[in-house]
Amino acid sequence: MLIGELSRRTGVNAHQLRYYEAQGLLEAERGANGYREYDDSAVLRVKQIRQLLGAGLSSEDIAYLLPCAVGEAPELLGCPELLTAMRSRLRRLDDQLDRLARSRDALADYIDAADRMAGDDYPPFDHACQEPVPA
């Protein structure tokens, strides 16, 4: 099938499909006319890629995991290398969540402190430049 048909069958635009190919996630043969030609298994492969992207995995992670992917969901076979890669990604996500939680807590503390200090003594802000307007 040509890229337009694969796009219609998966709901993924052709630009993204070409990106998946460039990342080594999807394979296409080239016809005599130079057009990409995909076999029927490409539909399943694209669905797997979309599911794994939705799980927050990078295209690099997915390229590593796809050989262990089975089915549309996909289910991932428990290869030792696969488990190591997924655990590493999970640790990175946990680290990001921790940093976001600390940032959120710090911002909430600043807001609370500013609320406690609020009063009529402060000049109004010019919202365009976020600087106090002279009284």
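One structure accompanies this document, and this report is about it. (Residues numbered from 1 in each chain as written. Predicted model: local features only at pLDDT ≥ 70, side-chain atom pairs only at ≥ 80, totals over all residues. Heavy atoms only, no water.)

### Brief notes about the side chain of Thr 10
This is how it is decided: Numbering goes from the N terminus for both helices and strands, where a helix is a DSSP run of H or I of at least four residues and a strand is a run of E of at least two. The buried label goes to any residue with under 20% of its type's maximum accessible area, the exposed label to any with over 50%, and the partly exposed label to all in between, with areas taken from a 1.4 Å probe on protein chains only. As used in this structure description, the phrase polar contact means that two N or O atoms lie within 3.5 Å; if the pair is within protein, one of them must be able to donate a hydrogen and the other to accept it, and residues adjacent in sequence are counted only when both atoms belong to side chains. By the convention used here, residues are in contact when the closest approach between their heavy atoms is within 4.5 Å.
Structurally, the position occupied by Thr 10 is in helix 1 (residues 3-10). When its relative accessible area of 19% is taken as the criterion, Thr 10 is described as buried. Separated by 2.8 Å, the side chain of Thr 10 and the backbone oxygen of Leu 6 make a polar contact. Aside from chain neighbours lying at most four places away, what touches Thr 10 is Val 43 and Val 46.

### Comments concerning helix 1
Quick note on the threshold: Within this analysis, the arc is defined by the directions that extend from the helix axis to the C-beta atoms.
If you check which residues of helix 1 are buried, you get Ile 3, Leu 6, Ser 7 and Thr 10. Down the axis of helix 1, the buried set is contained in an arc of 100°. They therefore lie on one face. Of the surrounding secondary structure, the elements contacted by the buried residues of helix 1 are helix 2 (14-22), strand 2 (36-37) and helix 3 (41-54). Following helix 1 by one or two positions, Gly 11 adopts a phi angle in the positive range, close to 75°.

### Quick word on helix 2
All of the buried residues along helix 2 are Leu 17, Tyr 20 and Glu 21. Relative to the axis of helix 2, the buried residues are bounded by an arc of 100° and lie together on one face. Exposed side chains of helix 2 directed beyond 90 degrees from the buried face belong to His 15 and Ala 22. Contacts from the buried residues of helix 2 go to helix 1, strand 1 (29-30), strand 2 and helix 3. In the stretch just after helix 2, Gly 24 is the one whose phi turns positive, near 80°.

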